[in-house]
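If you want the building blocks of each chain, they are given just below.
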Amino acid sequence: MALPSVEAAVGQVGALYSKVKGAHSLLEWALSTAEASVTLAAHTAAPFVAAPLAIGDAKVAAALGALERRIPIVTEQPKVIVETTKQAVLSKISPQLNRVYGARVAAEQKVKSLKELSWVKANALLSTAYGQKAMQGVDSGAVYAMRLLDHYLPPVQGETPVSNEIVPADTDPTMHTVQTVGRLSAVAARRVWANLAVKVTELRSSGIELDVRRYITALLAALHLAKVTNDEQQKDQSIEERKEQKSAEPTPENTPSKNETPTSPPTIEIVKASPEAKSEGDQ
């Protein structure tokens, strides 16, 4: 009991026992009766077991003394033991934790520096004449796309508006371009889903139940059919072009051979064409 840890443990067990004992009158009576019986048995057996208990107590005391010499911390309070153990564990794992944390910080700084360098390079590129033209093309394309969205997918009632705050192009060209494209994408996505929800609601209010899964399946099948038809048309067109090219090429039968020499007329034809033969024929 001189050890603070043993004393604390015994105190906690005793407090728990007292709490259980006082929870109900029946428990208190039963446990009090058991205590009286144990006390009576201990007093009755004490003369017979005193010598063996003394020997065992001396051995246990010697073992505890050796334990105190080997591990002096067992004589401290439980809070001190817990804090000392905690500090010992932290001293063992702190170098590894610091190393991991340092590597993480270095990686974050490297990524941040690369990001800043890439951002600066992008701003420098967009500040050139070609970059300005490209940025103007993005802005004009975004304005035209917004007009198309307003025409074909008008905003519905209750739609959450997208923020129009965009960094000026002369302040940060890269951020301006990213925000322009992001705003256009957000508006397009919201308009599509909002108009789709409105149409589905209108169909349901009209008594038509729309199965979204079947609709998407039919849409994918139609797109696949269109793709297959387009591929077949391209194949037929390429075959027709090959046939036309083959028909336009000269055949070997119609082209004269380079080694072929013109044949000479026969002797009868030569005699008939002479002046003497012509005069005889006139006579």
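You'll find the protein chain entered in an unreviewed UniProt entry as Lipid storage droplets surface-binding protein 2, with Pieris brassicae given as the organism. Regarding the protein chain, the UniProt comment filed under Subcellular location (unreviewed entry) reads as follows: "Lipid droplet".

When helices and strands are counted, the protein chain shows 8 helices and 0 strands. Pairs at least 24 apart in sequence give 63% of the contacts found in the protein chain among residues at least 6 apart. On the protein chain, roughly 23600 Å² of surface is accessible, and the fraction owed to carbon and sulfur atoms is 63%.

This part takes up the side chain of Asp 172. Summarising the element assignment, Asp 172 is placed in the loop between α4 (129–152) and α5 (173–205). Taking relative accessible area as the criterion, Asp 172 reaches 17% and is therefore assigned buried. Those residues in contact with Asp 172, other than ones at most four positions away along the chain, are Trp 119, Asn 123 and Val 167.

What follows deals with the pattern of salt bridges. The full count for this structure, using the stated rule, is 3 salt bridges. Residue Arg 191 pairs with Asp 150 through a salt bridge whose shortest N-O separation is 3.0 Å. Here Asp 150 lies in helix α4 and Arg 191 lies in helix α5, a separation of 41 residues in the sequence. By relative accessible area, Arg 191 is classed as buried at 7%. Residue classification places Asp 150 among the partly exposed positions, given a relative accessible area of 39%. Residues Asp 231 and Lys 227 are paired through a salt bridge, measuring 3.3 Å at the closest nitrogen-oxygen approach.

Taken together, the side chains of Glu 232, Asp 236, Glu 240, Glu 241 and Glu 244 define an acidic patch exposed on the protein surface. Relative to the assigned elements, Glu 240 resides in helix α6 (residues 212–248).

Running from N to C, α4 and α5 cross one another at 15 degrees; their axes reach a closest spacing of 10 Å. Put simply, α4 runs roughly parallel to α5. Both α4 and α5 take part in a crossing whose hand is left-handed. Side by side, α4 and α5 meet where Met 135, Val 138, Asp 139, Ala 142, Ala 145, Met 146, Leu 149 and Asp 150 of the first sit next to Pro 173, His 176, Thr 177, Thr 180, Val 181, Arg 183, Leu 184, Val 187, Ala 188 and Arg 191 of the second. Taken together, the residues of the contact of α4 with α5 sort by class into 11 nonpolar, 3 polar and 4 charged.

Once that is clear, we can look at a nonpolar patch on the surface. On the surface, a nonpolar cluster with roughly 570 Å² of combined accessible area is contributed by Val 212, Tyr 215, Ile 216, Leu 219, Leu 220 and Leu 223. Examined against the element boundaries, Leu 219 turns out to sit in helix α6. For Leu 219, a relative accessible area of 42% corresponds to the partly exposed category.

The rules behind each value
Residues numbered from 1 in each chain as written. Predicted model: local features only at pLDDT ≥ 70, side-chain atom pairs only at ≥ 80, totals over all residues. Heavy atoms only, no water. UniProt positions renumbered as here; feature names shortened; annotations may be inferred. Helix = DSSP H or I, 4+ residues; strand = E, 2+ residues; numbered from the N terminus. Contact = heavy atoms within 4.5 Å. Areas by Shrake-Rupley, 256 points an atom, 1.4 Å probe, with all protein chains shown as cover. Buried < 20%, exposed > 50% of the residue type's maximum accessible area, 1.4 Å probe, protein only. Salt bridge = Lys/Arg side-chain N within 4 Å of Asp/Glu carboxyl O. Patch = residues over 30% accessible without salt bridge, like charges linked within 9 Å, V, L, I, M, F, W, Y side chains within 5 Å. Lys, Arg positive; Asp, Glu negative; His and termini not counted. Charge placed at Lys NZ, Arg CZ, Asp CG, Glu CD. Axes fitted to C-alpha atoms, helices over the stretch in contact; angles between N-to-C directions. Parallel < 35°, antiparallel > 145°, perpendicular 65-115°, else oblique. Left-handed = near helix turned anticlockwise from the far one by under 90°. Nonpolar A, V, L, I, M, F, W, Y, C, P; charged D, E, K, R; others polar.

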